[in-house]
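Analysis of the macromolecular model
Residues per chain, in single letters:
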Amino acid sequence: MSRVSLQTLIDRSVRNMGAVHEVVKLSAIEMIKRAYAEGINVQISSGYRSYAEQTKLYNQGRTTPGNIVTNARAGYSNHNFGVAIDYFLTNHDGSKAVWTVNAQWRRVAAIGKQLGFSWGGDWTSFKDYPHLEMTGGLTTAQMRAGQRPNLKINFTPTKVENVETETGGTQVTEPKPKPKPKPSGDPFIRSVQTWSCNYGYDITVDGLKGPETRKALVKILQNELNKQFKAALIVDGVPGPKTYAAVVNVRKGAKGNLTRVLQALLYMAGQNPGPFDGHFGNGTEKAVRAFQRAKGLGVDGVAGKNTWKALLQ
């Protein structure tokens, strides 16, 4: 029985990690290489999770069948921001997962820590032995607010040509990095779509103005009106009389998610509010006035009910 190849472990892990931070991905691959050279087969089981995926996982063992596997709600797990991974070991030929926390498991954790990861097995309140993360010192609260860690590679990648397997002499070729596809579409819309995904609505990040993006923005608006103003709206992404009646005035100086939705809708309507940052400043006020003027509304620079309705229609 031949040993599973290093490339197979890497390929499986890259698929399972999804859209993690590039430094997290490269560090995880390096950890797999170093462990493999020591005779340990390690594979990544998960990486980035959307808010919806996190909610489904959190509900397991609580409102849905299964065992409780996480104490983190959506937005409170570093997996939701692409800076965490989980790992496990495999048997010799890679056909079975091994979840026993033994000396090899701890050795993988030690390799991960050498590469800059923090290990969940070191936690005091809740031991999460498969968990590794790179937060750059940021909390989940800071990342929910839009901050992202400034991570850097702190190792020289291991060359893996001519790695000896236990069956003797099998060569493993260093995988050639695939060229990154250039981001397509409008950068502003990509930012809006990425933010919508982080908020909890799993949509395509393609930089294109389309109904999927608009629907996610309406859902965020409805959800924020429910949370902040107890509007009791159905969060369905379909604007209607109840949504139009529930919107509130948003004016210069405002900060937060309602302002982000406003900025996104203004941009999709052909106006430039400036940075997509959730701060109602001069650029956003100028865009509101231009939109009101174009729609024949009263021009006051305040996003009131008539302005919101025109933006949502």
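These notes cover the structure that comes with them.

1. Things to note about the overall build of the protein chain
For the protein chain, the count of helices and strands is eleven helices and five strands. By its C-alpha atoms, the protein chain is 80 × 40 × 30 Å across when sized along the principal axes. Residues classed as buried in the protein chain amount to 44% of the 313 residues present. Residue pairs at least 24 apart in sequence account for 56% of intrachain contacts in the protein chain once pairs closer than 6 positions are excluded. Within the structure as shown, the protein chain displays about 16,100 Å² of accessible surface, and the carbon and sulfur contribution to it stands at 51%. For the protein chain, the distance from the average position of its 41 positive side-chain charges to the average position of its 23 negative side-chain charges is 9 Å.

2. Thoughts on the packing of helix α7 (residues 211-229) against helix α9 (residues 257-268)
Close contact between α7 and α9 brings their axes to 9 Å; oriented N to C, the two are set at 155°. In terms of axis orientation, α7 runs roughly antiparallel to α9. Between α7 and α9 the crossing geometry is left-handed. Where α7 approaches α9, its residues Thr213, Arg214, Leu217, Ile220, Leu221, Glu224, Leu225, Gln228 and Phe229 are matched on the opposing element by Asn257, Leu258, Val261, Ala264, Leu265 and Met268.

3. Let's talk about the side chain of Asn41
Tracing the backbone through its elements, the reader meets Asn41 in the loop between α2 (22-37) and β1 (42-46). A polar contact of 2.9 Å, which involves the side chain of Asn41, links it to the side chain of Arg3. Reaching out from Asn41, the side chain makes a polar contact with the backbone oxygen of Asn91 at a distance of 3.0 Å.

4. Section: the nonpolar core
Judged by nonpolar contacts, the single largest core of 37 residues is most densely connected at Leu221, Leu262 and Trp308. The dominant element in this core, judged by the number of residues it contributes, is α9, at eight residues. Excluding its chain neighbours within four sequence positions, the residues that come into contact with Leu262 are Val250, Phe280, Thr284, Val288, Ala303, Trp308 and Leu311. Formed by 32 residues, the second largest nonpolar core is a distinct cluster that contains Ile10, Ile85, Leu89 and Trp119.

5. Thoughts on the pairing of β1
In regular strands, side chains alternate between the two faces of the sheet. Across the five residues of β1, four count as buried, placing the element largely inside the fold. Pairing of β1 with strand β2 (residues 84-90), which is carried by four bridges, proceeds in the antiparallel orientation. Counted as the bridge partner of Val42 is Leu89 from β2.

6. Details of helix α6 (residues 187-199)
Given 3.6 residues to a turn, an α-helix orients residues that are three or four positions apart in the same direction. For α6, spanning 13 residues, the distance from its first C-alpha to its last is 18 Å, which sits close to the expected 18 Å at 1.5 Å a residue. Along α6, the residues classified as buried are Phe188, Ile189, Val192, Gln193, Trp195, Ser196, Cys197, Asn198 and Tyr199. Structurally, α6 contributes buried residues whose contacts are with α3 (51-59), α7 and α9. Directly after α6, the chain includes Gly200, whose backbone phi takes a positive value near 135°.

7. A look at α7
With 19 residues, α7 extends 26 Å between its outermost C-alpha atoms, agreeing within 8% with the 27 Å of an ideal straight helix rising 1.5 Å per residue. Residues of α7 that are buried: Thr213, Ala216, Leu217, Val218, Ile220, Leu221, Gln222, Glu224, Leu225 and Asn226. For α7, the elements touching its buried residues are α6, α8 (241-246), α9 and α11 (305-312). Backbone geometry just downstream of α7 places Lys230 in the positive-phi region, at approximately 50°.

8. A word on the pattern of salt bridges
Going through the model one piece at a time under the given rule, you end up with eight salt bridges. Note that Glu38 is salt-bridged to Arg107, the shortest N-O span being 2.8 Å. With a gap of 69 residues between them, Glu38 in the loop between α2 and β1 and Arg107 in helix α4 (residues 103-114) connect regions that are remote in the sequence. Residue class for Glu38 comes out partly exposed when judged on its relative accessible area of 41%.

9. Section: the pairing of β2
Judged by how many residues are buried, β2 sits mostly within the fold: seven of seven residues are covered. Relative to strand β5 (residues 131-133), β2 runs antiparallel, the two sharing three bridges. Its bridge partner lying in β5, Asp86 is registered against His131. Summarising the sheet, β2 and strand β3 (residues 97-98) pair through two bridges and their orientation is antiparallel. By the bridge assignment, Leu89 is partnered in β3 with Val98. If you look at the hairpin formed by β2 and β3, you'll find six residues sitting between the two strands, and Gly94 has a positive phi there, around 75°.

Definitions and limits used
Residues numbered from 1 in each chain as written. Predicted model: local features only at pLDDT ≥ 70, side-chain atom pairs only at ≥ 80, totals over all residues. Heavy atoms only, no water. Helix = DSSP H or I, 4+ residues; strand = E, 2+ residues; numbered from the N terminus. Buried < 20%, exposed > 50% of the residue type's maximum accessible area, 1.4 Å probe, protein only. Contact = heavy atoms within 4.5 Å. Areas by Shrake-Rupley, 256 points an atom, 1.4 Å probe, with all protein chains shown as cover. Lys, Arg positive; Asp, Glu negative; His and termini not counted. Charge placed at Lys NZ, Arg CZ, Asp CG, Glu CD. Axes fitted to C-alpha atoms, helices over the stretch in contact; angles between N-to-C directions. Parallel < 35°, antiparallel > 145°, perpendicular 65-115°, else oblique. Left-handed = near helix turned anticlockwise from the far one by under 90°. Polar contact = N/O pair within 3.5 Å; in protein donor to acceptor, adjacent residues only side chain to side chain. Core = buried A, V, L, I, M, F, W, Y, C linked by side-chain atoms within 4.5 Å. Pairing = 2+ DSSP bridges. Expected span 1.5 Å × (residues − 1). Salt bridge = Lys/Arg side-chain N within 4 Å of Asp/Glu carboxyl O.

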